[in-house]
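Residues per chain, in single letters:
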Amino acid sequence: MNRQLLFNIFRYNPQDPESAPHLERFALDESDAMTLHLALTRIREEQDPSLQFDFCCRAGVCGSCGMVINGRPGLACRVATRDLPDEITLLPLPVFQLVGDLSVDTGSWFRDMYDATESWIHTRELFDPAKPEKRMDNALAESIHELDRCVECGCCVAACATARLRPDFLGAAGLNRVARFRADPRDERTDRDYYEIIGNDLGIFGCMGLLACEDVCPQHLPLRNRLGFLRRKMGVTALKQFFGK
Ligand code: SF4
Ligand code: SF4
Ligand code: FES
């Protein structure tokens, strides 16, 4: 027999002065192969059309359905209700600006992070559309692609204690972005250039290294590995600068 699930869902509309943050309870019969996305869609269709939450692809690709699921950030479309207890509490991701209920604005945060990390290839080479593309070693291209798989869901940022304390901390997503460009031979920036961006408490030296980010990343990006690598590189760069080398 299917279970009856009890949902405690965060409700708040910051645009409405009458609205106050609270949890609202909804009961729903579980169906086979139900995901949280499906459950929320049914609650909205059958019980409360005003419930706000985000989704787009329903396949873990767009990164828009991040929320805190029983205390842990995750993608609602990738979590099956059969893996959860009868009572499920859903909160919006912290750190990001709340749009309403479970919907947050991750887009502005990521845009600011891309600006802060100068998230584009820096090269003095002029682009010539007539020239054949330069070949890249397959293994190198794959290692860059590995870091490019971030879906910008914000789960790593929401799980990060430093990001909760410092809104402008670049977070694992930002540091991963720097690691991606540092690995790309087309980018002519040096470690000194990267040090200007992440050699401080808003970058790699603000990271406490407890790796909640890697635990919750739905893409299983190698964040532990990349954060450790950047910390070593930036530490060496700091020493070289100190000794004037
Ligand atoms: S390891 Fe660093 S980036 Fe990851 S959650 Fe901890 S403080 Fe945040
Ligand atoms: S690094 Fe992982 S958890 Fe963080 S935004 Fe990208 S996909 Fe999401
Ligand atoms: S709806 Fe796209 S990742 Fe969940």
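Residues numbered from 1 in each chain as written. Chains lettered and ligands numbered in written order. Predicted model: local features only at pLDDT ≥ 70, side-chain atom pairs only at ≥ 80, totals over all residues.

K.L.:
Whenever I open this one, the overall build of the protein confuses me. Can you help?
P.N.:
For the protein, the helix and strand inventory stands at nine helices and seven strands. Along the first, second and third principal axes, the C-alpha set of the protein runs to 65 × 40 × 30 Å. For the protein, the proportion of its 245 residues judged to be buried stands at 33%. By sequence separation, contacts in the protein at least 24 residues apart represent 66% of the contacts at least 6 residues apart. (Helix = DSSP H or I, 4+ residues; strand = E, 2+ residues; numbered from the N terminus. Buried ≥ 20, exposed ≤ 12 C-beta atoms within 10 Å, placed from the backbone. Contact = placed C-beta atoms within 7 Å.)

K.L.:
Please clarify how the site of ligand 1 should be interpreted in this entry.
P.N.:
With respect to spatial proximity, 14 residues lie near ligand 1, and among them Cys-160, Ala-172, Cys-207, Met-208 and Cys-213 are the closest. Of the residues belonging to the shell around ligand 1, the class tally is eleven nonpolar, three polar and no charged. (Near = placed C-beta within 6 Å. Nonpolar A, V, L, I, M, F, W, Y, C, P; charged D, E, K, R; others polar.)

K.L.:
What is the right way to read the environment of His-220 from this model?
P.N.:
When you line up the elements, His-220 lands in the loop between α8 (212–216) and α9 (223–242). Taking the C-beta count within 10 Å as the criterion, His-220 has 9 such neighbours and is therefore assigned exposed.

K.L.:
Hey, could you run me through helix α2 (residues 106–116) in this one?
P.N.:
Given 3.6 residues per helical turn, the α-helix brings residues three or four places apart onto the same face. Listed as buried for α2 are Thr-106, Trp-109, Phe-110 and Met-113. Mapping the buried residues of α2 onto a view down its axis gives an arc of 95°, with all of them on the same face. Facing away from the buried side of α2 by more than 90 degrees, the exposed set consists of Ser-108, Arg-111 and Asp-115. At its buried positions, α2 is contacted by β7 (103–105) and α6 (171–182). (Arc of directions from axis to C-beta.)

K.L.:
Looking at this structure, how should I read the site of ligand 2?
P.N.:
As a structural note, the neighbourhood of ligand 2 is formed by 14 residues, with Cys-150, Cys-153, Cys-155, Cys-156 and Cys-217 the closest of them. Mapped by element, the contributors of at least two residues to the shell around ligand 2 are α4 (155–158) and α6. Among the elements that take part in the shell around ligand 2, α6 stands out by supplying three residues, more than any other. Partitioned by chemical class, the residues of the shell around ligand 2 number ten nonpolar, three polar and one charged.

K.L.:
It is not clear to me how the sheet that holds strand β4 (residues 72–75) should be interpreted in this structure. Could you clarify?
P.N.:
Across the sheet, five strands lie side by side as β2-β1-β5-β3-β4; this open sheet has mixed pairing. The open sheet has two edge strands with one neighbour each: β2 (22–29) and β4. Neighbouring strand axes in the sheet, compared pairwise and without regard to direction, differ in orientation by 35° on average. Across two bridges, the pairing between strand β3 (residues 66–69) and strand β5 (residues 87–91) is antiparallel. Across the sheet, the residue bridging to Val-68 is Leu-91, located in β5. (Pairing = 2+ DSSP bridges. Axes fitted to C-alpha atoms, helices over the stretch in contact; angles between N-to-C directions.)

K.L.:
Looking at this structure, how should I read the packing of helix α7 (residues 191–198) against α9?
P.N.:
Packed helix pairs are specified by the crossing angle of their axes together with the interaxial distance, meaning the distance between the axes. Packing of α7 against α9 brings their axes to within 10 Å, and their N-to-C directions diverge by 105°. Taken together, the axes of α7 and α9 are roughly perpendicular relative to one another. Each of Asp-191, Arg-192, Tyr-195 and Ile-198 in α7 lies in contact with α9, whose residues at this interface are Leu-230, Lys-233, Met-234, Thr-237 and Ala-238. (Parallel < 35°, antiparallel > 145°, perpendicular 65-115°, else oblique.)

K.L.:
Just to check I follow, could you spell out the domain arrangement of the protein for this structure?
P.N.:
Bring the parts together and some accessible area is lost; that lost area is often taken as the interface size. Under the domain assignment used here, the protein contains domain 1 (4–104) and domain 2 (117–242). Between the C-alpha centres of domain 1 and domain 2 there is a distance of 31 Å. Sorting the residues of the side of domain 1 that touches domain 2 by element identifies β3 and β4 as the ones contributing at least two each. With four residues, the top contributor of residues to the side of domain 1 that touches domain 2 is β4. Broken down by class, the residue content of the side of domain 1 that touches domain 2 amounts to nine nonpolar, four polar and two charged. (Domains from an automatic or database assignment.)

K.L.:
Looking at this structure, how should I read the nonpolar core?
P.N.:
When a protein is soluble and globular, its nonpolar side chains tend to lie buried together. Ranked by size, the top nonpolar core spans 58 residues in total, and within it Cys-156, Leu-175 and Ile-198 carry the most contacts. When residues in this core are grouped by element, the largest group, six residues, is from α6. Each of domain 1 (4–104) and domain 2 (117–242) contributes no fewer than three residues to this core. Sequence-distant contacts of Ile-198, that is, excluding residues within four places in its chain, are made with Leu-170, Leu-175, Val-178, Gly-203, Ile-204, Leu-230 and Met-234. (Core = buried A, V, L, I, M, F, W, Y, C linked by C-beta atoms within 7 Å.)

K.L.:
Is there a simple way to explain unusual backbone geometry in this structure?
P.N.:
Across the chain, the bulk of peptide bonds are trans and the bulk of non-glycine residues have phi less than zero. Positioned with a positive phi, Val-95 is a non-glycine residue whose angle comes to about 80°. The residue Val-95 is located in the loop between β5 and β6 (97–100) in this model. Positive phi, normally seen in glycine, also occurs at Leu-211, with a value near 70°. Within the secondary structure, Leu-211 is located in the loop between α7 and α8. Judged by C-beta crowding, with 18 C-beta atoms within 10 Å, Leu-211 ranks as partly exposed.

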